[in-house]
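# Per-entry structural report
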Amino acid sequence: MAPPAAASARQSASGRERNFKDKDKPDSVRNSNIVAAKAVADAVRTSLGPRGMDKMIQSGNGDVTITNDGATILNQMSVIHPTAKMLVELSKAQDIEAGDGTTTVVVMAGALLDAAQNLLSKGIHPTTISESFQSAATEADKILEEMSSPVDFSNDALLNKMATTSLNSKVVSQHSWLLAPMAVTAVKKIINSDTDTNVNLKMIKIIKKMGDTVEESELIEGALIDQKTMGRGAPTRVEKAKIGLIQFQISPPKTDMENQVIITDYAQMDRALKEERQYLLEICKQIKAAGCNVLLIQKSILRDAVNELALHFLAKMKIMCIKDIEREDIEFYSRILGCRPVASLDHFNAEALGYADLVEEIPTGGDGKVIKVTGVQNPGHAVSILLRGSNKLVLEEADRSLHDALCVIRCLVKRKALLPGGGAPEMEIAVKLRNLAQTQHGAKQYCWRAFADALELVPYTLAENAGLSPIHTVTELRNNHANGNSSYGVNVRKGYVTDMVEEDVVQPLLVTASAIKQASECVRSILKIDDIVMAVR
């Protein structure tokens, strides 16, 4: 009989092996990850497409946001599960890369995860699924390339159609006749359409002002400054303006440390005040001597950017003064106005000034005012847009929608190709991948077929949100694509399947291509996780 010590050793060894062989854990972790991520995807699914619903998001401090933009919805949601956070990051990535299609990418990821869950239950290994999805996504990219058509950047009507498609699913879609051409014009102004491959959207300044309706919004060839003039009897309208942009303060200097000056009699006090007055007058005289008559002053945190006395001098010299220019806007203003930011008084001379035909303060309803600079010498580097809206929620949503439309045009600058919209590209990929799946071997064939089925969720959701019968619509769409009508999609206005190009529903290639690539990468990384380990801080 074996001694008790040896028996217990054997028992503990088998116990250890059993722990190691605990096969259920990875499966349960994977399932809980997939369920969490799918829950996030389902939350935004209803807001896909032109008939999609909006979400009202209330934050902890009582702020309310109404939006249809996938990235905004997910960004504001408080998501606790780490895997669900990956989907939030996914929509953020799509927002940065393409700017539009943020809801689509999350819906796709949800569909692919659903497909992966079915494959896992059939006993296919996660690595096999992951690799098959990768090869299927690469193949899908090629299919998209084949079905896309090139874009001529001088064709404004076509670009307007693209921007309109992007705005269709937003609250402000009824104003797309105004916002779409505005987005197109704004982007075309700041790029050289032959050579540029990207657009710096920071050079399009959007200023939101409450009051009026969205229809009153306008594009301004010049600069808008979201500040009031400092008044004090200074002019509020300056023609043939010479504009200076300074980064120093016009106020008495302060020491770096706390200090006290003890004054014993009036003469000393007078002298201190006289010195201050003299110091400020010298600065103002030098500004005037350079020929400047509009002065922009950068926001200062250390001391007042400009004090009352200095404003009085500037007003007497008929210099319009605008303070609190944000630090990040300095580059924008210096480019659009053609003036050089000056950091010390010694460098303030006539060469540093910009020129404009007219600088005027315009009222924007209520007590709000903005300063409009028109007739700048070298337009073409930057433009400004004044957005109006009847209430805060509409205004915020108009801003987000306009940003999406600008991003769509930016996608076209990056890759000059377009696709039909309305779920047509997804359906085309699904039909072609199913045929290609026949040529694959083993489990890969199953995975490709599942990938193809998953992509059909986009047209399915479009139909569902529009109140059509999804199964009937998707079957009809699949039939049309199988017969070679690759540009057919779900027409939510008429309620059946039509040719999307004739309906003017078109989108950039980059949006769909990027969505499929990002979604499949996200799903792959979720499938690869088999355990969640808490780190001890």
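Since this is a predicted model, take the numbers as computed values, not measurements.

## Some words on the side chain of N33
With respect to the helices and strands, the residue N33 is situated in helix α2 (residues 24-45). When sequence neighbours within four positions are dropped, the list of residues in contact with N33 reads H81, T83, I526, I529 and I532.

## Let's talk about the sheet that holds strand β3 (residues 149-150)
With respect to topology, three strands assemble into an open sheet ordered β3-β14-β17, the strand pairing being antiparallel. The open sheet has two edge strands with one neighbour each: β3 and β17 (506-508). Contacting β14 (417-420) and β17, helix α7 (residues 156-167) crosses the sheet at an angle of about 90° to β17.

## Quick look at the packing of helix α15 (residues 457-465) against helix α16 (residues 470-482)
Running from N to C, α15 and α16 cross one another at 135°; their axes reach a closest spacing of 9 Å. Classified by the interaxial angle, the pair formed by α15 and α16 is oblique. In the packing of α15 onto α16, the handedness of the crossing is right-handed. Each of P459, Y460, A463 and E464 in α15 lies in contact with α16, whose residues at this interface are P470, I471, T473, V474 and L477.

## Concerning the packing of aromatic side chains
Applying the stated rule across the entire model yields two aromatic pairs. Their ring planes at 65° and their centres at 5.5 Å tell us that F133 and F451 sit as a pair that is edge-to-face. Separated by 318 residues along the polypeptide, F133 in helix α6 (residues 126-147) and F451 in helix α14 (residues 443-455) bring together distant segments of the chain. Assessed through its relative accessible area of 0%, F133 is described here as buried. A relative accessible area of 0% means that F451 is categorised as buried. For the ring pair F332 and Y333, a centre distance of 5.3 Å and an interplane angle of 70° mean the geometry is edge-to-face.

## Remarks on the sheet that holds strand β4 (residues 204-210)
Note: strands within a sheet are paired through backbone hydrogen bonds, in either parallel or antiparallel orientation. A sheet is described by the order of its strands in space; here three strands give the open sequence β4-β13-β5, paired in mixed fashion. What marks the edges here is a single partner per strand, and that holds for β4 and β5 (218-220). Neighbour to neighbour, the strand axes of the sheet diverge by 20° on average, direction disregarded. Contacts between helix α8 (residues 176-190) and the sheet are confined to β4, β5 and β13 (383-389), with β13 contributing the most and set at about 160° to the helix. Where helix α12 (residues 392-414) meets the sheet, its contacts fall on β4 and β13, and the angle it forms with β4 comes to roughly 165°.

## What to know about the environment of C292
Its place among the elements puts C292 in the loop between α9 (266-289) and β8 (294-298). For C292, a relative accessible area of 1% translates into the label buried. Between the C-alpha atom of C292 and that of A84, which follows or precedes it by 208 residues, the distance is 56 Å. Here C292 is in contact with K242, G244, I287, I319, F348 and L353, once residues within four sequence places are set aside.

## Concerning the domain arrangement of the protein
If you check the domain split of the protein, you get domain 1 (24-150 + 420-528), domain 2 (152-217 + 382-415) and domain 3 (222-378). Distance from the C-alpha centre of domain 1 to the C-alpha centre of domain 3: 53 Å.

## What about the environment of L418?
Within the fold, L418 resides in strand β14. Take L418: its relative accessible area is 7%, and that puts it in the buried class.

## Side note on empty space enclosed by the protein
With the rule as written, the count across this model stands at two cavities of 30 Å³ or more. What the largest cavity holds in volume is close to 640 Å³. Along its surface, the largest cavity is lined by 39 residues, and G49, P50, T165, L462 and Q507 are the ones closest to its centre.

## Observations regarding the environment of E218
Among the structural elements, E218 can be located in strand β5. Residues E218 and S384, spaced 166 residues apart in sequence, show a C-alpha to C-alpha distance of 8.7 Å.

## Remarks on the pattern of salt bridges
Per the stated rule, a full pass over the model turns up 25 salt bridges. Across the pair K170 and D404 runs a salt bridge whose closest N-O atoms are separated by 3.2 Å. In this pair, K170 is assigned in the loop between α7 and α8 and D404 in helix α12, connecting sequence segments 234 residues apart. Take D404: its relative accessible area is 2%, and that puts it in the buried class. R388 serves as the salt-bridge partner of D212, at 3.7 Å between the closest nitrogen and oxygen. In this pair, D212 sits in the loop between β4 and β5 while R388 sits in strand β13, placing the two residues 176 residues apart along the sequence. Here the salt bridges do not stand alone but share partners, grouping R434, D453, E456 and R478 into one network.

## Let's talk about the pairing of β14
Burial of β14 is two-sided: the residues A417 and L419 facing one way and the residues L418 and P420 facing the other way are all buried. Here two bridges tie β3 to β14, and the two strands are oriented antiparallel to one another. Residue pairing across strands places P150 opposite A417, the latter belonging to β14.

## Re α16
In an α-helix there are 3.6 residues to a turn, and that puts residues three or four apart on one side. Between its first and last C-alpha atoms α16 spans 18 Å; for 13 residues at 1.5 Å apiece the expected length is 18 Å, and the two agree. Listed in full, the buried residues belonging to α16 are P470, T473, V474, L477, N480 and H481. The arc that holds the buried residues of α16, viewed along the axis, is 120°, so those residues lie on one side. In α16, the exposed positions that point more than 90 degrees away from the buried face belong to I471, H472 and A482. Looking one or two residues past α16, G484 carries a phi angle of roughly 95°, positive in sign.

## Overview of α8
With 15 residues, α8 should reach 21 Å at 1.5 Å per residue; the first-to-last C-alpha distance of 21 Å fits that figure. S176, L178, L179, A180, M182, A183, V184, A186, V187 and I190 are the residues of α8 that are buried. Among the structural elements, α7, β4, β5, β13 and α12 are those in contact with the buried residues of α8.

Each value, and the rule that gives it
- Residues numbered from 1 in each chain as written.
- Predicted model: local features only at pLDDT ≥ 70, side-chain atom pairs only at ≥ 80, totals over all residues.
- Heavy atoms only, no water.
- Helix = DSSP H or I, 4+ residues; strand = E, 2+ residues; numbered from the N terminus.
- Contact = heavy atoms within 4.5 Å.
- Pairing = 2+ DSSP bridges.
- Axes fitted to C-alpha atoms, helices over the stretch in contact; angles between N-to-C directions.
- Parallel < 35°, antiparallel > 145°, perpendicular 65-115°, else oblique.
- Left-handed = near helix turned anticlockwise from the far one by under 90°.
- Phe/Tyr/Trp six-rings, centres within 6.5 Å; stacked < 30°, edge-to-face > 60°.
- Buried < 20%, exposed > 50% of the residue type's maximum accessible area, 1.4 Å probe, protein only.
- Domains from an automatic or database assignment.
- 1 Å grid on protein atoms, 1.4 Å probe; cavity = no way out; pocket = protein on both sides within 12 Å on 5 of 7 lines; lining within 4 Å.
- Points joined across faces, edges and corners; volume = space filled by probe spheres on them.
- Salt bridge = Lys/Arg side-chain N within 4 Å of Asp/Glu carboxyl O.
- Expected span 1.5 Å × (residues − 1).
- Arc of directions from axis to C-beta.

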